[in-house]
Every structure is written in structure tokens, then in C-alpha cells.
Amino acid sequence: MARDAGRHEVAALLDTRGTLPGTRTGRFADATEAAWERADRIDPRAAGPDGTWRLNFCCYAVRRPDGRVRVGPFGSPPSGWAPVPGRLRRVSPTPASGRTTSTRRS
């Protein structure tokens, strides 16, 4: 599903799914039991084994008004702990610099 952001169109692309290191209650110690119950109702697949938290990791395709599409970010802040690069990196080669790729819609 894509959304308009001004003159740009943005679509989240599922790159990979993985378990966040540590337990979810350890990472978010201030979250209440009611908040975790609500989170479990919203996304029941996110509750991992032994109190872990499984998350979807996305990158984004942004279509500019001129039709060019940029996909990224590679080397984003979660790249130090998230299971990246995911499968999009395998099917969509990027420059060695790790910058976003740019393609033109036909």
C-alpha cells in the first residue's frame, strides 16, 4: 500500500522480519501490562518466545513527481542490531557505497 506525501508517493516494503535483541519488557521497562496486552491485540505475531519481540523491518520506495523511484535507507540506524540486509538487498542490487538506488518508471 502506498501513501501520498505531498507530491511524492511512499510505499513501505517489507525487507525482513526478526527478533529484537533482549526481552521486550527489558527494553521498554516503563510499558504497563495493559500496554503489552494492547500491543499483543494489535500485532499478535510480534510476541516472540521467552518474552522477545519480533518485528518487521521495512525500507521505503519513494516515487518523485518526475517518476524516479528511490529505495532506502540502507545503512540506517537499526542496521547495527536489526537483521539487515534483508531480502530486498538480495533482489535489488545497490551501489557499493550503500546509497539508495534510483530507477525510472517506464
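See the structure printed just above.
Residues numbered from 1 in each chain as written. Predicted model: local features only at pLDDT ≥ 70, side-chain atom pairs only at ≥ 80, totals over all residues. Heavy atoms only, no water.

Enquirer: How should I be thinking about the pairing of strand 1 (residues 2–5) in this particular structure?
Expert: Regular strands have side chains that alternate between both faces of the sheet. Summarising the sheet, strand 1 and strand 2 (residues 8–20) pair through four bridges and their orientation is antiparallel. Bridged to Asp4 within strand 2 is Glu9. In this antiparallel pair of consecutive strands, strand 1 and strand 2, the connection spans two residues, and Gly6 shows a positive phi of 70°. (Pairing = 2+ DSSP bridges. Helix = DSSP H or I, 4+ residues; strand = E, 2+ residues; numbered from the N terminus.)

Enquirer: What should I look at first to understand the packing of aromatic side chains in this one?
Expert: Describing an aromatic ring pair means giving the distance of the ring centres and the angle of the ring planes. Applying the stated criterion across every chain yields a total of three aromatic pairs. Their ring planes at 85° and their centres at 5.4 Å tell us that Trp36 and Trp53 sit as a pair that is edge-to-face. Of the two residues, Trp36 is situated in helix 2 (residues 33–42) and Trp53 in strand 3 (residues 53–63); the sequence distance between them amounts to 17 residues. Taken together, the ring pairs connect Phe28, Trp36 and Trp53 into an aromatic cluster. (Phe/Tyr/Trp six-rings, centres within 6.5 Å; stacked < 30°, edge-to-face > 60°.)

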